[in-house]
Each structure stands twice: as C-alpha cells, then as structure tokens.
Amino acid sequence: MRLIAGLGNIGDRYIFTRHNAGFMLIDSIALNSNLTFRENSRLKSIMTNLRTPKEDYLLIKPTTFMNLSGEAVRAVMDYYKIPIEDVLIVYDDISLELGRIRFRPNGSDGGHNGIKSVIQHLGTNNIARLKIGIGPQPNIPSEVFVLQNFSKEELETLKTVLSKAKDGIGCYFKEGMAAAQNKYN
C-alpha cells in the first residue's frame, strides 16, 4: 500500500485557500475515481482508498490542521505499516509560481510548517514530496497570503495544475522520482 498525504487545513473556511492545495489534489483524485472519504479520529485523518489493478493507495487529509500534519502522517504510517519509501507528501509552495509543480526526493522544510511537522514526526527529511506552486507572494506576510482564497482565475489555472499533478503522481509511482522530475518539474 502507498500513502499519498495532502496537507491543508480542515474546515469550510479553508477549502479554497492557497494553503489547501494539497487537500485540493487529494479531493480531485478522489472525485475522478468516485471515492468517498471517511474520518478516522484515531488516525487524525480523513481518508479513502484508491485501488488499481497493480497497487492500492491510501489518500489522506490530516484533521490536525497544517502545523501538526506530521502527527497524522506518522499515525497512518504506523497503523498500516507503510514504509517511508511508499509515502508521498503533497503541499503548497509559496516560492513556486502558480501553475508549476515540483517533485523532490527530500529537502528542508523551506519554512513550511506542515512539512516541518512531517519531518519532525518521521525523524528524517528524506521524504518524497510534490510541491504545488501558489506564488508569487505579494508584499504581505506569508501567513496572511497562504490563508487567502484563490481568485476565480487562479482556480482555473489550478484545475490544470491538479490534472498535471495527478499524472505526475502516476509517473512517480510507476517510473520513480527521476522520471517524475524530468517530465513534470
């Protein structure tokens, strides 16, 4: 089983905010596959299973809010005994332009509190990730910018990006990180 964890904030107030790009990708995958989410309070996640002929994927959205995302990712990994090499974390990146995605095999948290929590709870920064660009950031504090809703025009761009990201995830799990980076970064 593979784990795809989209990071974001739970609640109606945050649905279309920039910080919820990870949730939006998980929702898009689930919608395209006609999947239904269920909440698992013990695992601090809303989750669903995507079964394919070759592989099963567990899609999660942590219910811990962004800054504690690592708690949910660790709980799910421990419960399902998912090794770190079968985990992909999806989240927004303020330094990446809207319309772009970037696969990375590892790295620092880059000032992102969600991935910082994941790194802290997993005890390593060797975590595969897919960053969804939400930038450029205007001259306002980042904590204000990421909690703003996408504009209608930005949401249209985001639809295209999410489709590209879904294809990229398929490539990543079939062909590996290098192939995903070469084709989608």
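First, a word on scope: everything that follows refers to the structure included in this document. All values reported here derive from a predicted model rather than from experimental measurement. (Residues numbered from 1 in each chain as written. Predicted model: local features only at pLDDT ≥ 70, side-chain atom pairs only at ≥ 80, totals over all residues. Heavy atoms only, no water.)

### Structural notes on the sheet that holds strand E3 (residues 45–51)
No. 1: With mixed pairing, the 7 strands of this open sheet are ordered in space as E2-E3-E4-E1-E5-E7-E6. The open sheet is flanked by strand E2 (38–40) and strand E6 (101–104), the only strands paired with a single partner. The average undirected angle you get between the axes of adjacent strands in this sheet is 30 degrees.
No. 2: Bridge count between E3 and strand E4 (residues 56–62): 7 bridges; the pairing is antiparallel. Across the sheet, Thr-48 pairs through a bridge with Leu-59, a residue of E4.
No. 3: Running at roughly 150 degrees to E4, helix H2 (residues 69–80) makes contact with strand E1 (2–6), E2, E3, E4 and strand E5 (87–97) of the sheet. (Pairing = 2+ DSSP bridges. Helix = DSSP H or I, 4+ residues; strand = E, 2+ residues; numbered from the N terminus. Axes fitted to C-alpha atoms, helices over the stretch in contact; angles between N-to-C directions. Contact = heavy atoms within 4.5 Å.)

### Points about the pattern of salt bridges
No. 1: Applying the stated criterion across every chain, the model contains 9 salt bridges.
No. 2: Glu-55 is paired through a salt bridge with Arg-2; the nearest N and O atoms lie 3.6 Å apart. Within this pair, whereas Glu-55 is found in the loop between E3 and E4, its partner Arg-2 is found in strand E1, the two being separated by 53 residues in sequence.
No. 3: The partly exposed category is assigned to Glu-55, whose relative accessible area is 22%.
No. 4: According to the relative accessible area criterion, Arg-2 is buried, its value standing at 18%.
No. 5: Notably, a salt bridge pairs Arg-2 with Asp-86, separated by 3.7 Å at the nearest N-O pair. Of this pair, Arg-2 sits in strand E1 while Asp-86 sits in the loop between H2 and E5, and the two are 84 residues apart along the sequence. Per residue, the accessibility class of Arg-2 equals that of Asp-86, and both read buried. (Salt bridge = Lys/Arg side-chain N within 4 Å of Asp/Glu carboxyl O. Buried < 20%, exposed > 50% of the residue type's maximum accessible area, 1.4 Å probe, protein only.)

### Digging into the packing of aromatic side chains
No. 1: For the coordinates displayed, the defined rule picks out 5 aromatic pairs.
No. 2: Ring centres of Phe-103 and Tyr-172 lie 6.1 Å apart, and the angle between their planes is 25 degrees; on these two criteria the pair is classed as stacked. With Phe-103 in strand E6 and Tyr-172 in helix H5 (residues 152–175), the pair connects residues that are 69 residues apart, well separated along the chain. Each member of the pair, Phe-103 together with Tyr-172, is buried.
No. 3: Following the ring pairs from residue to residue traces out a cluster consisting of Tyr-57, Phe-103, Tyr-172 and Phe-173.
No. 4: Residue placement shows Lys-61 over the ring face of Phe-23; its charged tip is 5.5 Å from the ring centre. (Phe/Tyr/Trp six-rings, centres within 6.5 Å; stacked < 30°, edge-to-face > 60°. Lys NZ or Arg CZ within 6 Å of the ring centre and 35° of its normal.)

### Quick look at the nonpolar core
No. 1: Formed by 33 residues in total, the largest nonpolar core has its most connected members in Leu-25, Leu-88, Phe-103, Leu-130, Ile-132 and Ile-169.
No. 2: Listing elements by their share of this core, those giving two or more residues are helix H1 (21–32), E4, E5, E6, strand E7 (128–135), H5 and helix H6 (177–184).
No. 3: Broken down by element, the residue count for this core peaks at 8 residues, all from H5.
No. 4: Beyond its immediate chain neighbours, meaning those up to four positions away, Ile-169 contacts Ile-4, Leu-25, Ile-29, Leu-88, Val-90, Phe-103 and Leu-130.
No. 5: Counting 21 residues, the second-largest nonpolar core is a separate cluster that includes Leu-7, Val-73, Val-76 and Val-118. (Core = buried A, V, L, I, M, F, W, Y, C linked by side-chain atoms within 4.5 Å.)

### Things to note about the environment of Met-24
No. 1: As for its placement among the helices and strands, Met-24 is situated in helix H1.
No. 2: Setting aside residues no more than four positions away along its own chain, Met-24 makes contact with Ile-15, Phe-16, Thr-17, Phe-150, Leu-158 and Leu-162.

### Looking at the packing of H5 against H6
No. 1: Packing of H5 against H6 brings their axes to within 7 Å, and their N-to-C directions diverge by 150 degrees. Classed by the angle they form, the pair H5 and H6 counts as roughly antiparallel. The hand of the H5/H6 crossing is right-handed. Contacts between H5 and H6 involve Lys-164, Asp-167, Gly-168, Cys-171, Tyr-172 and Glu-175 from the former and Met-177, Ala-179, Ala-180, Lys-183 and Tyr-184 from the latter.
No. 2: Residues of the contact of H5 with H6, tallied by class, amount to 6 nonpolar, 1 polar and 4 charged. (Parallel < 35°, antiparallel > 145°, perpendicular 65-115°, else oblique. Left-handed = near helix turned anticlockwise from the far one by under 90°. Nonpolar A, V, L, I, M, F, W, Y, C, P; charged D, E, K, R; others polar.)

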